[in-house]
Amino acid sequence: MLITPDFSTDRPFDKEMLNQDKLIVAYLSKEEMNSFLKEYNIDTIIMHTLSEPDPIIANTATQNVRYTFSIVDILNFHSPDQSHDRIGLYLDKNRLIIVDIEDKDQSTKTAICKSLEDTSIENMDFGKILYHFFYTLIQPHNQIYGKLQRKIETLDNMILKNETPQGFSSEIMTINHELLELEDYYDQLVDVIEVLADNENGLLQDQNLHFLRNLSNRIERYSNNNDLLRNYLTQVRDAYDSLINLNLNKTMQTFTTITVIFSPLTLIAGWYGMNFKYMPELSHRFGYLYVIFISLVVVTGIVYIMKKKKLM
């Protein structure tokens with residue numbers, strides 16, 4: 001028999017419910033979970049982990065003959081700041097307890113409720129509930145993949161049109177950060193689900209473990225798709241760098257051309273600016289015009305040579 005808490009109330013369970021020798025699914029606060037652990041004399045390390053969760057041990061499962069325990073970070077892409085929710089997951093022979101460590105938008109609570117709705121009462125098993133729970137968490141990720149792909153394609157098209165606005169590089173870095181977050185999230189989820197699917201302590205029914213293995217394979221496919229997007233973004237970033245270098249080269253070529261054209265004029269101006277006493281051009285009636293004519297000839301010749309060599 002399955003006993004589930006009433007999530008419409010502030011206290012969806014009580015101790016009598018947890019004491020019953022039946023399948024229990026509960027959603028507890030950290031304080032309520034600590035009370036439960038003390039009452040049943042379960043390892044104090046779990047209480048310490050709940051009180052001061054260490055990011056290093058998050059998303060890894062602890063298993064012994066009596067129970068399986070894990071802290072799972074859940075990437076919440078629907079929140080404005082894309083924050084992480086964090087839950088504890090405790091499983092023993094009769095109880096599956098989700099511990100609310102940090103669930104600001106109640107998305108984890110919604111996911112566990114939906115997993116109970118999607119699981120039939122007949123042949124009920126915690127393996128199926130866990131499958132539906134994690135599946136509910138990752139279900140929107142096809143949309144996330146499509147959204148990120150469209151963003152990268154938009155950036156790619158901007159590069160093709162040479163229309164990269166200010167902040168283009170920041171947008172690339174933001175998308176790259178999101179992809180790295182997803183990659184880390186998928187890797188950690190696979191680790192937890194694989195430990196559950198191995199079922200070394202026999203808390204889950206063997207005939208339902210394939211649900212968790214299928215879920216692990218699905219997450220790995222998401223991870224592979226994420227790798228494809230990262231490779232695509234890398235190509236876009238390389239193309240952007242090439243475009244920047246090309247524009248910079250064009251600018252430098254323009255400055256070089258100007259320098260080449262006006263360097264002889266600088267030499268002429270310096271030569272005739274020495275004002276030696278016996279320079280014949282100084283006293284010549286048309287000396288000024290001669291200098292102008294020489295300058296025009298030099299500029300025209302340089303421009304002609306540079307265009308012939310396709311340097312302009």
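Our subject in this report is the structure included herewith. Residues take numbers from 1 onward in each chain, read along the sequence in its written order. Since the coordinates come from a predicted model, pLDDT governs what is reported: local features require at least 70, and pairs of side-chain atoms require 80 or more to be given and counted, while whole-chain, interface and lining totals use all residues. Just so you know, side-chain values use all the structure's heavy atoms and leave hydrogens and water out.

### Observations regarding the overall build of the protein chain
What counts as a helix is a DSSP run of H or I of at least four residues, what counts as a strand is a run of E of at least two, and both are numbered from the N terminus. The number of helices and strands found in the protein chain is 10 helices and six strands. Relative accessible area decides the class of each residue, using a 1.4 Å probe on protein chains only: under 20% of the type maximum gives buried, over 50% gives exposed, and in between gives partly exposed. Classification of the 312 residues of the protein chain by burial places 40% in the buried group. By definition in these notes, contact holds between two residues if any of their heavy atoms fall within 4.5 Å. Contacts spanning at least 24 positions in sequence make up 58% of the contacts within the protein chain whose residues lie at least 6 apart. Areas reported here follow the Shrake-Rupley algorithm with a probe of radius 1.4 Å; residue values treat only the protein chains shown as occluding. Carbon together with sulfur atoms contributes 54% to the accessible area of the protein chain, which is approximately 18,200 Å² in total.

### A few points about a nonpolar patch on the surface
For patch detection, residues must exceed 30% relative accessible area and be free of salt bridges, and they are connected within 9 Å for like charges or within 5 Å for nonpolar side chains (Val, Leu, Ile, Met, Phe, Trp, Tyr). Here, a salt bridge means any side-chain nitrogen of Lys or Arg that lies within 4 Å of a carboxyl oxygen of Asp or Glu. Taken together, the side chains of F286, Y288, L289, Y290, I292, F293, I294, L296 and V297 present a nonpolar region at the surface, about 930 Å² in accessible area. Mapping Y288 onto the fold places it in helix α10 (residues 287-308).

### Focus: unusual backbone geometry
Of note in the backbone geometry, N162 takes a positive phi value of approximately 55° without being a glycine. By secondary structure assignment, the location of N162 is in the loop between α6 (141-160) and α7 (168-198). We classify N162 as partly exposed; its relative accessible area is 42%. Backbone geometry places N199, a non-glycine residue, at a positive phi of 50°.

### What to know about the nonpolar core
The biggest cluster of nonpolar side chains holds 51 residues, and the ones touching the most others in it are L91, L96, L130, F133, F134, L212 and I219. The element best represented in this core is α7, accounting for 13 residues. In this structure F134 touches L89, L189, V192, I193, L196 and L215, once residues within four positions along its chain are discounted. Only buried residues count toward a nonpolar core, which is a set of Ala, Val, Leu, Ile, Met, Phe, Trp, Tyr and Cys residues joined through side-chain atoms within 4.5 Å.

### A closer look at the pairing of strand β2 (residues 23-29)
Of all seven residues that make up β2, five are buried, and the element is covered over most of its length. What makes two strands pair is DSSP finding at least two bridges between them. One ladder, built from six bridges, connects β2 with strand β6 (residues 95-102); its direction is parallel. In the strand pairing of β6, V25 is matched with L96.

### Some words on the pairing of strand β4 (residues 67-75)
Put simply, side chains in a regular strand alternate between the two faces of the sheet. Judged by how many residues are buried, β4 sits mostly within the fold: nine of nine residues are covered. In β4, alternate side chains face the same way, and those of Y67, F69, I71, D73 and L75 on one face and T68, S70, V72 and I74 on the other are all buried. Where β4 meets strand β5 (residues 84-92), nine bridges bridge the pair, whose relative direction is antiparallel. Among the inter-strand pairings, D73 is bridged to a residue of β5, identified as R86.

### Some words on the side chain of S216
By secondary structure assignment, the location of S216 is in helix α8 (residues 209-272). Leaving out residues up to four positions away in the same chain, S216 has contacts with V190, I193 and E194.

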